[in-house]
Structures are given as C-alpha cells and as structure tokens.
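What follows is each chain in one-letter form.
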Amino acid sequence: MSNPAQETIYLKDYTPFGFVPDSVRLTFDLAPNATRVTTRIAFRPNPDTPDRTFFLHGKNLTLISATIDGVAVSPALTDKGLTCPVPDAPFIWETVVEIDPKGNTALEGLYMSPQNVGAGTGDTGESLPPENAMYCTQCEAEGFRKITYYPDRPDVMSIFTVRVNGPHPVLLSNGNPVGAGDDWAEWHDPWPKPAYLFALVAGDLVAHSDSFTTAAGRDVALNLWVRPGDEGKCAFGMQALKKSMTWDEQVYGRAYDLDVFNIVAVDDFNMGAMENKGLNIFNSSAVLASPETSTDMNFERIEAIIAHEYFHNWTGNRITCRDWFQLCLKEGLTVFRDAQFTADMRSAPVKRISDVIELRARQFAEDNGPLAHPVRPASFQEINNFYTATIYEKGSEVIGMLKRLVGDAAWAEALELYFARHDGQACTIEDWLAVFADVTGRDLDQFKRWYSQAGTPRLTVNETWAGDTGDKAGGRYTLTFSQSTPPSATSPDPQPQVIPIQVGLLGANGDEVLETRMLEMTQASQSFTFDGLANRPVPSILRGFSAPVILEHEAANPAFLLAHDTDPFNRWEAARTLARDTLMGMATKDTPPDTAYLDGILAVLRDDTLDPAYRALMLAQPGQSELAAALHAAATTPDPGAIWTAAEALKLALAQHVQDTIPRISAAMQVDAPYLADADQSGKRALGGAVLALTSRLDGGAAAAAQYARADNMTLQLSALACLLSAGKGAPELAAFRKQWQGDRLVMDKWFGLQVMQADPDKAAETARALTGDDDFNWTNPNRFRAVFGALIANHAGFHAANGTGYALLADWLIRLDAVNPQTAARMCSAFQTWRRYDRKRQTLIGGQLVRIAATPDLSRDTREMISRIQKG
C-alpha cells in the first residue's frame with residue numbers, strides 16, 4: 001500500500017471550537033479486548049465564534065450508539081472522527097463506543113501494561129498480557145481520541161466525572177474520589193481541564209502512602225502506586241514529591257488544589273511521565289529507586305521529573321496552552337522551574353553545566369540540522385514529533401533570558417499576574433509576554449523572535465583597548481559583538497534578537513576588576529565600553545551561559561580563565577574549550593595533548609575547595625558528537641574513528657598526568673556513611689567514579705574489579721562494571737550482574753545498555769545485534785528498546801562505523817517498531833539528523849537507509865514526517 005500525503009496544520013488557521021462542553025461524564029466498563037466507554041457531554045454554543053461545525057475527533061473506535069437529548073442520531077464517520085447536525089442551543093450528547101486496550105501497542109489512549117514480557121526477537125504472538133497487567137492511559141497529545149469521540153484539543157476544557165467498572169482492586173482517575181464499591185469507583189475533578197490531561201488506571205497495585213498539609217491548611221493524601229514487589233523503591237519518590245510541593249509554595253506561592261495526589265508507576269510508557277490532573281502516570285524508570293538498584297544519576301533524574309510533573313499543576317494544568325503550537329508555553333516554563341528546583345536542592349553551578357551539556361548535545365544539533373524548528377512552530381504534520389529539545393530545553397532557555405532581562409522582582413510580579421489573570425484558561429505566547437510588558441513597560445516584540453526563529457545564533461566578539469583616555473582615570477576597553485543566525489527552511493531570513501550577555505572582567509593577576517554585568521544586545525553589531533581601567537582586562541563572556549548561543553572569540557584565553565575565572569560556568573567552559581581544541585588537533589593533525597589543558601585539570605583536581613561534583617564535570621571530555629559538530633563547523637569533515645582514537649589517547653594522557661594525585665582523591669571520596677542520594681555523597685561518588693575511570697587506564701581495571709567486589713550500591717557497582725568493560729575486561733562481573741539482577745527490569749535495562757555503550761567501535765553494532773537476540777530483549781517495551789539502541793546511537797564511532805552496520809541495524813528495528821509503536825520509532829529517527837556532516841561514503845550509507853525506511857508500506861505518519869524532514873536536510 002502506498003503512503004498517503006501528509007496533512008500540514010498551520011498556526012495561522014486557528015479557530016475556536018464552536019461548542020463549549022460544560023460537563024463530561026465518562027463510564028468505563030473494562031474488558032481487555034472490548035472496553036465499553038459511555039460518554040455524556042453537556043454542550044452549548046460557544047459565544048466567541050459563529051462557527052457551528054460539530055466535529056469530534058475519534059480514532060480506532062467502534063461506535064455502538066449516539067444520541068442527542070436522548071434521540072438516536074447517525075453521525076457521519078471518517079478515520080479522523082465524526083460530524084453530526086446539532087441544535088444551535090444547549091444539548092446533551094451521548095455515545096457508547098468499544099475499544100481494544102489489549103491490542104493498543106502504540107501506548108496512546110487506553111492500553112494495558114506490561115506487554116510481551118520476554119518477547120525477545122520472536123513474533124509478538126498473541127500479545128497476551130499477564131494476569132497482573134494494569135489498564136493505563138496516555139492522552140497527550142492526541143490520545144484521548146482513541147478512547148471516545150471528543151473535541152480533542154487543548155483549548156476545550158471541561159469538568160470531568162468518571163466512573164470505572166472493573167474487577168480490579170485499584171480503580172483510579174483524575175480529581176477526588178466520590179465513591180467506590182467492590183467493582184467500581186467514581187472520581188470527580190472540579191477543575192476544568194482539556195482531554196489530554198485525562199487519566200485512568202486500573203489494576204492490582206499497592207500504595208506507598210503519605211500526606212502533606214498545604215500552607216493554607218489543606219490536608220492532601222499522597223499515594224505512589226506500584227506493582228506488588230516494588231514497594232521498597234517508593235520512599236525517595238515520595239520524599240521528592242513533598243519537597244516539590246513545599247518548594248512551589250515557598251518560591252512561587254502555588255499550593256496544591258485537590259484532596260489527593262496519586263502517582264502510578266507503569267512499565268510500558270513512551271515518555272518519562274505525564275502530569276494528568278491529580279493522577280500523574282510515570283514511566284517506572286522515572287519514579288522507582290533504591291540504593292541497590294539505582295545510581296545517583298537515577299535519583300537526581302527522578303527528583304527532577306517528579307518536580308517537573310508536579311509543577312505542571314499550575315504551569316500546564318490550571319493554565320494550559322490554547323493549541324499545540326503553544327506547547328513551549330507549558331513545557332519551557334516548567335523545565336525552567338524544575339531546573340530552579342534542582343539548583344536549590346543540589347548545586348546550582350553543577351545543574352547549570354549539566355543542562356548546557358544536554359542542550360548542546362541535543363538541541364544545538366536539532367537547531368542546526370534538518371529538524372530545526374522555532375520554539376513555537378508555525379506548522380506541523382504530527383504533533384508527537386514536536387516534543388523536542390527545542391520546545392523543552394531551548395524553551396526553558398528563553399524563559400531564563402526573560403527573567404535575566406526583567407530582573408527578579410519584575411519576574412515575581414509578572415508571574416503573580418500571570419496566575420491571577422489566566423487561571424483556568426488556555427493561553428498563548430502572546431498572553432505570556434503581555435504580563436511582562438504590563439509589569440515592566442518593556443516592548444517585547446523583538447524578544448518574541450526567540451519564539452519564531454529557528455537556529456542557534458552565532459555571537460562573535462572583538463576586543464579593543466585604548467589605554468589612557470586622558471579625560472578619565474585609566475583606559476577604555478571595548479567589546480564589540482556581532483550576531484548572526486544561519487537561515488533554515490523554517491526561518492529563511494532570521495533577524496537580530498535580544499541577547500542578554502553576562503560579562504565580567506579579570507585583571508592580569510586573576511583578580512576580578514568588574515563583577516558580572518549584563519549587557520543587552522539588540523542589534524546585529526553592537527559595542528559596549530568600560531572606562532577607568534588601569535590595565536587591559538581579560539574578559540569572561542557569557543557568564544552562566546546567559547543566552548543559548550555559540551560564542552566565537554578568537555582572542556579568548558581559556559587557560560587563564562580555567563585558572564582564575566570566578567564564574568563557575570565559565571571556568572568549566574574554559575576547560576571544555578581547551579579539551580575540544582586539543583582533541584580536534586589530535587584527531588585531524590595528530591598533535592600531542594595540550595599541556596595547558598592537562599596542567600589546568602590537575603590544578604582543579606587538587607583543589608579541595610571545589611565541589612567534588614564540579615570537579616567530576618571538569619574531568620569529563622566533550623562528547624564525540626559535539627567534537628564532530630565542531631569540526632564540521634570549522635569546515636572539516638569529521639572522522640568518527642579518528643575522534644574516538646583521539647579521545648582514548650587524551651584520557652590516557654590525562655590519567656598519566658594526574659596519577660600521583662589519584663590515590664589521595666580516591667581515598668578522600670570514599671563514603672563510609674549509610675547511603676544517601678544527596679548532593680554531598682553523590683558528588684563524592686561522581687568524582688570517585690571519574691578518578692576510577694582514569695585509574696583503569698593505568699592498572700587495566702584492577703581497582704575497578706576490587707570496587708565491584710565490595711560495592712554496596714548501584715552507583716559503585718555500575719561505575720566499576722563500566723570501567724571493566726571499557727578496559728576489555730569484566731566478563732565474569734557482567735555475568736554475575738545479570739544473575740544478581742535478572743528479576744529487576746530496570747536494572748536489566750542498564751545491563752543491556754552498558755554493553756553497547758562500552759563496546760569498541762568495531763564491535764558496537766554486533767554487540768547490539770547480539771543483544772536483540774537475547775530472551776530478555778522485550779523490544780515492544782520502550783525502555784528496553786531505548787536501552788539497546790539509545791546506547792548504540794550514543795556510541796558515536798560505533799554507530800558511525802564506516803561499514804554502515806550501525807545504520808542498517810537501527811533502520812531494521814525502526815521499521816519493525818514503527819508498526820507497533822510509531823511514537824517511539826519516530827523519535828529515534830533523529831539519530832540520522834546529522835548525516836550531512838559526514839563523508840560522502842557515510843552519507844550514501846545513511847541515505848540508503850532513509851530511502852528504505854521511507855519506502856516501508858504503511859509507514860506511520862510520525863515516522864514518515866521525521867524521515868522526510870531528515871532527507872531534505
């Protein structure tokens with residue numbers, strides 16, 4: 001069957017829905033293959049629009065009956081929904097539909113989890129879920145239309161009452177419980193919400209329960225629902241939830257607004273978590289944790305995701321987005337808020353550096369390739385493909401710039417106005433910016449370009465020094481900045497943007513002669529002068545990474561800044577710059593490692609006044625994909641194998657350079673106290689792990705083997721195993737690890753992924769291929785699929801092996817997965833987005849796989865759109 005043409009949806013075509021649903025009542029009669037959903041909606045004409053077209057979205061539904069005010073009607077059905085003549089007056093619409101949760105492998109709408117446990121590479125068979133399978137939902141962005149006929153759009157908000165009938169011990173939905181019996185439960189959510197926030201869970205679950213009292217005195221029952229056997233992994237998640245609730249009250253004045261807050265852990269879930277009102281549904285990996293099964297990074301991620309979903313209660317639920325073009329309104333703001341939370345809970349500099357590493361690795365690649373799109377797109381074909389780093393991470397950076405520009409006091413005042421003015425509404429970026437304009441009096445039209453222009457701005461800087469100016473004591477120092485943004489398909493003629501540039505000046509002895517000052521750049525080229533300086537200073541530019549730009553500064557002195565900069569981010573950036581430059585030279589010119597870099601890192605490692613977590617970040621090299629991007633930007637075709645060889649050589653050189661310091665650091669980073677997932681202990685283990693990796697370059701893995709043998713937590717166990725595998729050792733430990741953790745699905749994800757990640761490039765694709773034949777490779781589970789293929793993609797030289805085996809293997813499995821779970825398959829297509837930066841042979845190999853995927857019969861619209869965009873890049 002040929003693939004049909006894609007329909008494009010445009011922001012400019014927005015019109016309100018012609019009817020308002022004042023109330024919605026849903027009744028579910030659960031059955032694995034034949035769940036009945038009865039929907040009763042009180043509609044009235046929308047006074048804000050004359051359009052009276054009555055169209056309800058619906059997909060994969062069997063319509064049993066439809067009535068208007070109790071009278072049977074026969075709607076016109078299509079594969080997208082239904083239309084029906086309706087009164088131009090209030091009326092009651094009622095339908096009964098039948099759906100198949102057990103057959104819903106796309107994990108959108110109402111489905112069952114777990115699915116196909118232990119499926120391996122064999123056929124999916126009958127997809128029979130085990131007896132303890134639960135019903136669960138995922139409705140963002142357009143999953144509710146797979147549950148019942150409804151105006152499935154975020155600007156249509158209503159009050160929901162839900163009755164769930166089924167033989168399951170636990171029956172949950174949004175809002176507050178209003179009644180329950182042996183085989184039924186009823187829930188009522190008093191807050192209007194769009195359908196994408198609907199949730200239902202039914203199954204044999206147990207609760208880890210607690211309570212929270214808001215500042216206003218509301219008692220809230222808290223429950224974290226898990227499968228039997230997972231009760232011991234709930235305490236940290238509950239603690240994180242309570243911290244989030246307290247923080248949001250203290251920092252933003254936002255209190256929780258229901259009598260109960262439920263979280264459910266689900267094994268089969270396409271994303272990290274979902275903020276459904278009062279009933280958050282989480283990927284198990286994003287909420288379950290214990291010291292024995294979870295690393296410090298797992299704990300930090302869980303804490304951040306729980307905070308993110310909870311913060312959505314106000315920035316996403318109480319105030320939602322008018323249409324999906326405004327997705328960044330809720331996601332960018334909430335990512336910014338969860339970053340603030342993590343910075344307060346842990347280390348602000350470490351959090352900022354970690355976020356920038358992620359931004360550059362994911363969003364910069366997206367912004368400078370065929371998948372580039374504005375923070376607020378002007379069009380899309382499949383909305384699931386726009387849950388991207390641009391929407392989330394760059395959207396958060398835009399929020400951060402706005403806060404820097406208006407200042408803390410105006411930020412707080414504007415947020416209060418935003419919540420007061422728009423509570424209960426579906427809003428736009430214009431609504432968001434208007435509150436800041438009203439509070440500050442600023443014209444934000446130019447700033448708004450950050451929402452409409454794709455691409456990463458390049459910020460170049462030149463310095464001039466005038467010496468003694470005569471009329472002032474001291475000399476005049478000038479920084480001249482120029483900005484440019486490469487054109488793209490969505491932004492062919494980008495205009496100058498507002499860029500906040502935080503700058504400090506250092507003296508020749510390293511003393512700070514000018515504390516951090518924010519410069520506001522608004523022109524294509526703009527100069528800023530500093531008078532009264534005794535000597536020419538050394539600039540520290542873009543402190544705190546004050547804007548998501550690429551800084552180009554030929555006169556920069558990174559060795560000096562590494563030694564003296566008082567800004568933690570820019571000191572790290574200096575180390576990163578030295579490492580990147582030396583690796584590029586090693587990869588392309590076979591130059592030796594830069595001694596300035598090696599000496600600078602040694603000084604950092606020895607400095608016990610620095611946070612161990614910060615020192616661990618300093619020891620880390622730039623990612624190999626980041627190096628490939630830097631070489632491409634310098635008009636050099638990157639060779640993934642040469643980059644890998646250079647990275648290995650620099651790791652060995654650094655290990656040799658700091659080896660006399662390693663024993664003292666290793667001893668100092670040992671934690672003898674009972675395990676805590678706090679910033680202090682996690683930082684020590686992070687630096688200890690980084691030093692262990694260097695040690696393994698010198699001792700062949702002996703210290704790692706000893707650590708593995710005595711490890712009493714997953715952080716130590718996994719870091720030791722990684723070092724052993726990297727050293728070409730560890731076969732006994734790998735087998736022991738599997739035997740120990742065979743029954744824990746989340747730990748086994750680590751077992752799968754680590755082998756691919758640590759494989760030598762010439763073995764990575766074959767390692768991944770062999771693992772797909774393992775009986776425990778349940779490829780329909782998104783976590784397990786990503787464990788193998790996410791690791792293959794992250795193994796840069798392995799994925800880009802010159803023989804193309806990595807490309808072919810990924811394409812094989814994307815084609816297979818697309819027929820079952822289009823959303824996950826489409827998102828992993830982004831592995832191919834940078835294909836144009838490599839040599840002609842690799843481009844030909846990747847291009848062939850893109851053609852093969854595109855030619856797959858009945859390819860989903862999700863994957864079809866992604867492949868089409870990548871091919872055009």
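This section reports on the structure supplied with the text. Just so you know, these numbers come straight off a predicted model, no measurement behind them.

### Some points on empty space enclosed by the protein
Right, so step 1: In the structure shown here, the tally under the stated rule is one cavity of 30 Å³ or more.
Right, so step 2: Taken as a whole, the largest cavity encloses approximately 40 Å³ of empty space.
Right, so step 3: Lining the largest cavity, in full, are Asp189, Trp191, Pro192, Lys193, Leu197, Lys277, Asn317 and Arg318.
Right, so step 4: Among the residues making up the lining of the largest cavity, the classes are represented as three nonpolar, one polar and four charged.

### What to know about the pairing of strand β2 (residues 19–29)
Right, so step 1: As paired strands, β2 and strand β3 (residues 35–45) are joined by 10 bridges and run antiparallel to one another. Looking at β3, one finds that Thr27 is bridged to Thr38.
Right, so step 2: Counted between consecutive antiparallel strands, the loop separating β2 from β3 contains five residues.
Right, so step 3: Where β2 meets strand β12 (residues 158–165), seven bridges bridge the pair, whose relative direction is parallel. From the neighbouring strand, Leu26 faces β12, where its bridge partner is Val162.

### Things to note about the packing of helix α18 (residues 714–726) against helix α19 (residues 731–741)
Right, so step 1: Interhelical geometry of α18 versus α19 gives an angle of 145° and a closest axis separation of 10 Å. Seen from above, α18 lies across α19 with left-handed handedness. Residue-level inspection shows Met714, Gln717, Leu718, Leu721, Leu724 and Leu725 of α18 in contact with α19, the latter providing Glu733, Leu734, Phe737, Gln740 and Trp741.
Right, so step 2: Classifying every residue of the contact of α18 with α19 by side-chain character gives eight nonpolar, two polar and one charged.

### Some thoughts on the packing of helix α16 (residues 679–699) against helix α17 (residues 702–710)
Right, so step 1: It is the contact of α16 with α17, at a shortest axis distance of 7 Å, that shows an interaxial angle of 130°. Taken together, α16 and α17 sit at an angle that is classed as oblique. Together, Leu692, Thr695, Ser696 and Asp699 of α16 and Ala702, Ala703, Ala704 and Gln707 of α17 make up the contact between the two elements.

### Overview of the environment of Leu402
Right, so step 1: By the element assignment, Leu402 lies in helix α5 (residues 389–406).
Right, so step 2: Between the alpha carbons of Leu402 and Val201 there is a distance of 39 Å; along the sequence they are 201 residues apart.
Right, so step 3: Setting aside residues no more than four positions away along its own chain, Leu402 makes contact with Trp432, Leu433, Phe436, Leu444 and Phe447.

### Looking at the sheet that holds strand β17 (residues 206–213)
Right, so step 1: In space, the five strands of this open sheet follow the order β17-β18-β19-β21-β20, with mixed pairing throughout. Pairing within the sheet leaves two strands with one partner each, and these edge strands are β17 and β20 (273–274).
Right, so step 2: As paired strands, β17 and strand β18 (residues 219–226) are joined by eight bridges and run antiparallel to one another. In the sheet register, Ser211 faces β18, and the bridge partner there is Ala221.

### Quick word on helix α14 (residues 640–658)
Right, so step 1: The end-to-end C-alpha distance of α14 is 27 Å, a good match for the 27 Å that 19 residues give at a rise of 1.5 Å each.
Right, so step 2: The complete set of buried residues in α14 reads Pro640, Ala642, Ile643, Ala646, Ala647, Glu648, Leu650, Ala653, Leu654, Ala655 and Val658.
Right, so step 3: The distance from a side-chain oxygen at the start of α14 to the backbone nitrogen of Gly641 is 3.0 Å, and the residue carrying that oxygen is Asp639.

### A word on the sheet that holds strand β7 (residues 76–77)
Right, so step 1: Strand order in the open sheet made by the three strands is β4-β8-β7, with antiparallel pairing throughout. Single-partner strands in this sheet number two, and they are β4 (55–57) and β7.
Right, so step 2: Direction of pairing for β7 relative to strand β8 (residues 81–83): antiparallel, over a ladder of two bridges. Looking across to β8, one finds that Ala76 is bridged to Thr83.

### Description of the side chain of Thr661
Right, so step 1: Along the chain, Thr661 turns up in the loop between α14 and α15 (662–668).
Right, so step 2: Excluding its chain neighbours within four sequence positions, the residues that come into contact with Thr661 are Leu602, Leu605 and Arg606.

Reading guide: rules and limits
- Residues numbered from 1 in each chain as written.
- Predicted model: local features only at pLDDT ≥ 70, side-chain atom pairs only at ≥ 80, totals over all residues.
- Heavy atoms only, no water.
- 1 Å grid on protein atoms, 1.4 Å probe; cavity = no way out; pocket = protein on both sides within 12 Å on 5 of 7 lines; lining within 4 Å.
- Points joined across faces, edges and corners; volume = space filled by probe spheres on them.
- Nonpolar A, V, L, I, M, F, W, Y, C, P; charged D, E, K, R; others polar.
- Pairing = 2+ DSSP bridges.
- Helix = DSSP H or I, 4+ residues; strand = E, 2+ residues; numbered from the N terminus.
- Axes fitted to C-alpha atoms, helices over the stretch in contact; angles between N-to-C directions.
- Left-handed = near helix turned anticlockwise from the far one by under 90°.
- Contact = heavy atoms within 4.5 Å.
- Parallel < 35°, antiparallel > 145°, perpendicular 65-115°, else oblique.
- Expected span 1.5 Å × (residues − 1).
- Buried < 20%, exposed > 50% of the residue type's maximum accessible area, 1.4 Å probe, protein only.
- Polar contact = N/O pair within 3.5 Å; in protein donor to acceptor, adjacent residues only side chain to side chain.

Interpretation note: all reported values are geometric properties and have no functional meaning in isolation.
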